[in-house]
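# Report on the structure
Here's the letter readout for the chains.
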Amino acid sequence: MKTFKLFTIAIILVSTFACKKKTETLYFNCYINGQFFSPEKQQGLGEYPLTTKLLYDGIDFRIDASKGVQNVYLGIKDSTMVKILTYKLSMNKSYFSRALYSNAMSDHYETDSLNTGFTTITSLDTENMIVEGTFYFNAYNSALKDTVHITDGKFRLKYDLH
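These numbers were taken from a predicted model, which means no experiment stands behind them.

Once that is clear, we can look at the nonpolar core. In terms of nonpolar packing, the biggest core is built from 27 residues, with Phe28, Phe61, Val72, Leu74, Phe135, Phe137 and Phe155 touching the most fellow members. Elements with a minimum of two residues in this core: strand E1 (27–32), strand E4 (60–67), strand E5 (70–77), strand E6 (86–89), strand E7 (98–102), strand E10 (130–141) and strand E11 (146–158).

Within the fold, Asp125 resides in strand E9 (residues 117–125). With 33 residues separating them along the chain, Asp125 and Lys158 place their C-alpha atoms 9.3 Å apart. Look past the residues within four positions of Asp125 in its chain and what remains in contact with it is Ile130 and Tyr159. Here the side chain of Asp125 touches Glu127 through a polar contact of 3.1 Å, landing on its backbone nitrogen. A polar contact is formed between the side chain of Asp125 and the side chain of Asn128, at a distance of 2.9 Å.

This brings us to the pattern of salt bridges. Where charged atoms from two side chains of opposite charge approach closely, those side chains can pair. For the structure shown, the criterion picks out four salt bridges. Put simply, Asp60 and Lys77 hold a salt bridge, and the shortest N to O gap is 2.7 Å. With Asp60 in strand E4 and Lys77 in strand E5, this pair connects stretches of sequence that are 17 residues apart. For Lys77, a relative accessible area of 28% corresponds to the partly exposed category. Note that Asp78 is salt-bridged to Lys83, the shortest N-O span being 2.9 Å. Judged by relative accessible area, Asp78 falls into the buried class, the value being 10%.

A separate point is the pairing of E7. One ladder, built from five bridges, connects E5 with E7; its direction is antiparallel. Residue pairing in the sheet places Gly75 in a bridge with Arg98 of E7. Both E7 and strand E8 (residues 108–110) contribute to a ladder of three bridges, which runs antiparallel. Looking at E8, one finds that Tyr101 is bridged to Tyr109.

Here is what the cut-offs are and how they apply
Residues numbered from 1 in each chain as written. Predicted model: local features only at pLDDT ≥ 70, side-chain atom pairs only at ≥ 80, totals over all residues. Heavy atoms only, no water. Core = buried A, V, L, I, M, F, W, Y, C linked by side-chain atoms within 4.5 Å. Buried < 20%, exposed > 50% of the residue type's maximum accessible area, 1.4 Å probe, protein only. Helix = DSSP H or I, 4+ residues; strand = E, 2+ residues; numbered from the N terminus. Contact = heavy atoms within 4.5 Å. Polar contact = N/O pair within 3.5 Å; in protein donor to acceptor, adjacent residues only side chain to side chain. Salt bridge = Lys/Arg side-chain N within 4 Å of Asp/Glu carboxyl O. Pairing = 2+ DSSP bridges.

Right, here's the structure in full:
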């Protein structure tokens, strides 16, 4: 009888823990010239100013993250389909992977042939539409003759199909 009770308790405990839904942890953050950056919640809306999209049958992937006047943009192009891979961020052309940073309406920095970086897609869950990866890049503002350094970037985000 004692064995039956222990077995019953064990079954109840296992089924209780197995049925609990795992909470998804989603994030986007990096350092901008050594200062921590993460999108901030908009007051009253409870949403992050963050969009993640997979477009054009999976060949174009975009992340756009904002905090106040600061904005970090990552765009990946892959002619066969975005996948687990490391992508070079370089020229500001519609057919290249690139990155942008802005800190006001007039201060736009972008990757180019000399100021580059990389985004690595480390996980792409197409069933649950979650993408995970890392990134870093240098972006240049030709008007200001200034470079911004984006380092230690990481993300785990739910994406939308468009």
